[in-house]
Amino acid sequence: MKHTAETDRASMRDRLADPTLLDSAFAVPVGVTNGEMRYRLAVPVGGSRRTGYLTVANDTEAEATLSALAGRQGFPSVRLRGNSNVHGVSRTVIWGEDFPRGDAVTRWRHLGYSDEAIVRYEQQALGSL
């Protein structure tokens, strides 16, 4: 599926325990493909959502994302995760607390996902086995 700010918003609305966080979310311009600007949705931290992230295609998009998020309310401690010495690979921009170590459910809760969304995902994963 092609990611856009709109598809990201719909997906996050179905996942978040507190969908009102989407009121403060915004579209981040991440790069141009085929002459068209591409956007991804950045959702702030708040309530049970203690971490957020966007994975982008490369260093240029990562820098654009870092610049767009820096200093914005709801996006504390914006930084890159991963090896910055490898060029031409996807990059993940994170904000808020560090991801906890442990199982996927713990990480999803850290992202502020609802219990219902977590159960749905686990059921889908089990169905694909």
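This text follows the structure it describes.
Residues numbered from 1 in each chain as written. Predicted model: local features only at pLDDT ≥ 70, side-chain atom pairs only at ≥ 80, totals over all residues. Heavy atoms only, no water.

A.B. asks: Would you take a moment to explain the side chain of arginine 49 for this structure?
C.D. replies: As for its placement among the helices and strands, arginine 49 is situated in the loop between β2 (36–42) and β3 (51–56). Summary of buried charges: arginine 49 has no salt-bridge partner, and the nearest side chain of opposite charge, aspartate 18, is 9.5 Å away. Polar side-chain contacts of arginine 49 include one of 3.3 Å to the backbone oxygen of valine 43. Contact partners of arginine 49, with chain neighbours within four places excluded, come to Met12, Leu16, Leu21, Val43, Pro44, Trp95, His110, Leu111, Gly112 and Tyr113. (Helix = DSSP H or I, 4+ residues; strand = E, 2+ residues; numbered from the N terminus. Buried < 20%, exposed > 50% of the residue type's maximum accessible area, 1.4 Å probe, protein only. Lys, Arg positive; Asp, Glu negative; His and termini not counted. Salt bridge = Lys/Arg side-chain N within 4 Å of Asp/Glu carboxyl O. Polar contact = N/O pair within 3.5 Å; in protein donor to acceptor, adjacent residues only side chain to side chain. Contact = heavy atoms within 4.5 Å.)

A.B. asks: Would you explain the sheet that holds β3 in this entry?
C.D. replies: To summarise the sheet geometry, strands pair through backbone hydrogen bonds and adopt either a parallel or an antiparallel arrangement. The three strands lie next to each other as β3-β5-β4, forming an open sheet whose pairing is antiparallel. Each end of this open sheet is capped by a strand with a single partner; those strands are β3 and β4 (79–81). Adjacent strand axes in the sheet meet at a mean angle of 35° when their direction is disregarded. In terms of strand pairing, β4 meets strand β5 (residues 91–96) through three bridges, oriented antiparallel. (Pairing = 2+ DSSP bridges. Axes fitted to C-alpha atoms, helices over the stretch in contact; angles between N-to-C directions.)

A.B. asks: Even after reading the chapter, I still don't get the nonpolar core, so can you show me in this structure?
C.D. replies: Soluble globular proteins tend to bury their nonpolar side chains together. Membership of the largest hydrophobic core comes to 15 residues, with the highest contact counts inside it found for Met12, Leu16, Leu22, Leu41, Val43, Trp108 and Tyr113. Those elements giving two or more residues to this core turn out to be α1 (5–15) and α3 (104–110). Residues within four places of tyrosine 113 in sequence aside, it is in contact with Met12, Arg15, Leu16, Ala17, Arg49, Trp108 and Ile118. Counting residues in hydrophobic clusters, the runner-up holds 13 residues, among them Val28, Leu54, Ala62 and Leu69. (Core = buried A, V, L, I, M, F, W, Y, C linked by side-chain atoms within 4.5 Å.)

A.B. asks: Even after reading the chapter, I still don't get the packing of aromatic side chains, so can you show me in this structure?
C.D. replies: Both the distance between ring centres and the angle between the ring planes are used here to describe each pair of aromatic rings. Overall, the coordinates contain four aromatic pairs when judged by the stated rule. Here the aromatic rings of phenylalanine 26 and phenylalanine 75 are separated by 5.6 Å at their centres, their planes lie at 85°, and the arrangement is edge-to-face. One end of the pair, phenylalanine 26, is in strand β1 (residues 26–33); the other, phenylalanine 75, is in the loop between α2 (59–69) and β4, with 49 residues separating them in the sequence. Take phenylalanine 26 and phenylalanine 75: they sit in the same class, and that class is buried. Pairwise contacts between aromatic rings join Phe26, Phe75 and Trp95 into one cluster. (Phe/Tyr/Trp six-rings, centres within 6.5 Å; stacked < 30°, edge-to-face > 60°.)

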